[in-house]
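Now for the letters of each chain:
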Amino acid sequence: MFTGIVERVGEIRAVEDRDGTRRFTIACGDLAADLSPGDSVAVDGACFTVSALGEDSFDVDVIGTSLERTVAAGYREGVHVNLEQALQMTGRIDGHLVQGHVDGLGYLRDVVKEGAFWRMRFELPDDVAVLTVERGSIALSGVSLTVAEMPGASTCTVGLIPYTYEHTNLHTLESGDPVNVEGDLIGKYVGKILAARGEGPTE
């Protein structure tokens, strides 16, 4: 379980195709000292398991289904990724409850700077959009964000303060770029209950 509060921006150091998996070595600085093999780390919001550790890096092995569903398929050396360690339940939840189970890919439509903040509009997967509400929560590339507007049936707008813009990889996005999307956990359960009653959206 995660909160969507990015701890560090890491960098893909190496990519190795293996039998049925792809191994990524991710440079993470002194964050490596806090990790152990078997730990969960959210990489752009996708929960991966640490398979090996270096002095300032860690490795994850990603299988085909995760490659198909996340932006990891496009990772190459030099790509910057948002990193967050798993939540300790004794700590504060500063964002919202994020499982690290990516629902699908979204796409940046446009970004506009308005005064001291940035307004970004994303196209969402239909099954996420139907459960997303204004002033609700959404995780984009593993970043916990508040939905400012739902200007279309499958689009949402979020506002980024300077700190979030500068301390995540969202500032590197250009129009059309994909992001990992995880819809609000509570919204999913409410939608599931309503659908079972015939009163809400279906998957």
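To be clear, the structure that these remarks concern was listed above.
Rules of the game
Within any chain, residue numbers begin from 1 and follow the written order of that chain's sequence. Confidence filtering applies because this is a predicted model: local features only for residues at pLDDT of at least 70, side-chain atom pairs given and counted only at 80 or more, and all residues used for totals across whole chains, interfaces and linings. Only heavy atoms go into the side-chain values, all of them from the structure, while hydrogens and water stay out. Starting at the N terminus, helices and strands are each numbered in turn, a helix being any DSSP run of H or I of at least four residues and a strand any DSSP run of E of at least two. All radius of gyration figures rest on C-alpha atoms, and the globule criterion is 2.2 Å times the number of residues raised to 0.38. In this analysis, two residues are considered to be in contact whenever any of their non-hydrogen atoms come within 4.5 Å of each other. In this description, strands pair whenever DSSP reports at least two bridges between them. Angles shown run from 0 to 180 degrees and are taken between the N-to-C directions of axes, each axis being a line fitted to C-alpha atoms and, for helices, limited to the stretch in contact. Pairs of N or O atoms within 3.5 Å make up the polar contacts considered here, provided that, within protein, one atom can donate a hydrogen while the other can accept it, and that residues adjacent in sequence are counted only when both atoms are side-chain atoms. Any residue under 20% of the maximum accessible area for its type is buried, any over 50% is exposed, and the rest in between are partly exposed; the area is computed with a 1.4 Å probe on protein chains only.

### Let's talk about the overall build of the protein
Part 1: Regarding its fold elements, the protein presents four helices and twelve strands.
Part 2: For 203 residues, the compact-globule estimate of 2.2 N^0.38 gives 17 Å, and the protein sits close to it at 17 Å.
Part 3: If you line up the protein on its principal axes, its C-alpha atoms span 50 × 45 × 35 Å.
Part 4: In the protein, the proportion of contacts linking residues at least 24 apart, taken out of those at least 6 apart, comes to 67%.

### Concerning the sheet that holds strand β1 (residues 8-17)
Two modes of strand pairing occur in sheets, parallel and antiparallel, and in both the strands are linked by backbone hydrogen bonds.
Part 1: Sheet architecture is closed into a barrel: six strands sit in the order β1-β2-β5-β4-β3-β6, paired in antiparallel fashion. Mean inter-strand twist for the sheet, computed between neighbouring axes without regard to direction, equals 45°.
Part 2: Bridge analysis of strand β4 (residues 46-53) against strand β5 (residues 57-63) gives three bridges, and the strand direction is antiparallel. Looking across to β5, one finds that Val 50 is bridged to Val 60.

### Brief notes about the sheet that holds strand β11 (residues 155-160)
Part 1: Read around the closed barrel, the six strands follow the order β7-β8-β11-β10-β9-β12; overall the barrel is antiparallel. In this sheet, adjacent strand axes meet at a mean angle of 45° when their direction is disregarded.
Part 2: Looking at chain direction, strand β9 (residues 137-140) and strand β12 (residues 178-182) are connected through two bridges and run antiparallel. Bridge pairing in β12 links Leu 140 to Val 181.

### Brief notes about the side chain of Thr 70
Part 1: Structurally, Thr 70 is set in the loop between α1 (64-69) and β6 (80-85).
Part 2: A distance of 3.2 Å separates a polar atom in the side chain of Thr 70 from the backbone nitrogen of Ala 72.
Part 3: Once you skip the residues sitting within four places of it in the chain, Thr 70 turns out to touch Ala 46, Val 102, Leu 105 and Asn 180.

### Description of the pairing of β5
Part 1: Of all seven residues that make up β5, five are buried, and the element is covered over most of its length.
Part 2: Here seven bridges tie strand β2 (residues 21-27) to β5, and the two strands are oriented antiparallel to one another. Of the residues in β5, the one forming a bridge with Ala 27 is Ser 57.
Part 3: Between β4 and β5, which pair antiparallel in sequence order, lie three residues.

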